[in-house]
Amino acid sequence: MAGKQMLNIVKMKRMKQDGDPISMITAYDYPSAVLAEEAGVDIILVGDSLGNVVLGYDTTIPVTLDDMVYHSRSVARGAKNTFIVTDMPFMTYHGSIDETLRGVSRIMQEGHAQAVKMEGGAEIADTVKRIVQAGVPMLGHIGLTPQSVNQIGGYRIQGKDEADAKRLLEDARALEQAGAFGIVLELVTEEVAAYISSELSIPTIGIGAGRGCDGQVLVYHDVLKYTSNYRNKRFVKTFGDIGEQIRSGISAYVQEVKTRQFPAEEHVFAAEDGVLDNLYGKGKAEIHS
Ligand code: KIV
């Protein structure tokens, strides 16, 4: 969007205070980033969900730091005026702090993101503190954390009972204290997400976490049905059917190639008059055409 002013983490906090909802969508490549920016989204998340929706894996676990850097760089080229957050993928922030900071630095310097996101609560607070001390804005992510799907035992709603609600609130507070500028709440019950949001001074961004969050995030391919085997998810609203448009567009193209309707007169280029006569001799051009 020409002339658009990029959001920053100070303005995001002000948006929370003013009750101005934050819009975030994922994007994974240059064209999707261009369109998201033109549509006026506040934040683009280069999520490791790219493992599922772009790379065709069943989970986000196989996604590597190289994958994230590559996709983040493409997004940054397409959305120069939009705040970009890029995921740190599976197991890239659980080793030594030096190794973690090297990964964060790659996301920022090679991936051209403005911030990183990491999954986890109190257990990663010390790591978050070091990243923030290094001057890198960090977005937390609690609730359903897909990188731990094997430990959680599936994609389950979080915050259903008292113990779980208490744990989520403690995790959110630990992240806020460690310096996170915001927290994604994924698949959390609406009451608990609203309570956490009211207890924090930093914005919460919900996905399947109800109406009480300070912002919302959805996956690009879900919003637009950008796949052929789209599965309905209760927390997603679809706003387009790009999958159907792409399929019917490509099928019309194939049809026209097969029936020789494409290319037509308006798609071809003509040589200068007499060029074939000069090449092959007068009258012989037809033999070679
Ligand atoms: O990777 C991702 O797309 C995410 C969102 C679901 C928040 O983490």
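If you look the chain up in an unreviewed UniProt entry, it shows as 3-methyl-2-oxobutanoate hydroxymethyltransferase from Paenibacillus lutimineralis. Regarding the chain, the UniProt comment filed under Subcellular location (unreviewed entry) reads as follows: "Cytoplasm". Quoted verbatim from the Subunit (unreviewed entry) heading of the UniProt record, the comment on the chain is "Homodecamer; pentamer of dimers."

Peer 1: Residues and numbers for the UniProt feature "binding site: Mg(2+)" (unreviewed entry) in the chain, please.
Peer 2: Taking the UniProt record as the reference, the feature "binding site: Mg(2+)" (unreviewed entry) is found at Asp48, Asp87 and Glu119. Separation in sequence by 72 residues is not matched in space for these annotated residues, since their most distant C-alpha atoms are only 10.8 Å apart. Here Asp48 falls in the buried class, since its relative accessible area comes to 4%. The residues contacting Asp48, other than those within four sequence positions of it, are Thr60, Val63, Met68, Asp87, Pro89, Glu119 and Gln147. Examined against the element boundaries, Asp87 turns out to sit in strand E3 (residues 83-87). When near neighbours in sequence (up to four residues on either side) are disregarded, Asp87 contacts Leu45, Val46, Gly47, Asp48, Met68, Ile107 and Lys117.

Peer 1: Go over the site of the ligand with me, naming the residues and quoting the values.
Peer 2: Thr26, Leu45, Gly47, Asp48, Ser49, Asp87, Lys117, His141, Val184, Glu186, Ile207 and Val219 make up every residue found near the ligand. In this structure, an oxygen atom belonging to the ligand sits 3.2 Å away from a side-chain N or O atom of Asp87. Here an oxygen atom of the ligand and a side-chain polar atom of Lys117 are 2.8 Å apart. In isolation the ligand exposes 260 Å². Once the protein is present, 95% of that is buried.

Rules used throughout
- Residues numbered from 1 in each chain as written.
- Predicted model: local features only at pLDDT ≥ 70, side-chain atom pairs only at ≥ 80, totals over all residues.
- Heavy atoms only, no water.
- UniProt positions renumbered as here; feature names shortened; annotations may be inferred.
- Buried < 20%, exposed > 50% of the residue type's maximum accessible area, 1.4 Å probe, protein only.
- Contact = heavy atoms within 4.5 Å.
- Helix = DSSP H or I, 4+ residues; strand = E, 2+ residues; numbered from the N terminus.
- Near = heavy atom within 4 Å.
- Polar contact = N/O pair within 3.5 Å; in protein donor to acceptor, adjacent residues only side chain to side chain.
- Areas by Shrake-Rupley, 256 points an atom, 1.4 Å probe, with all protein chains shown as cover.

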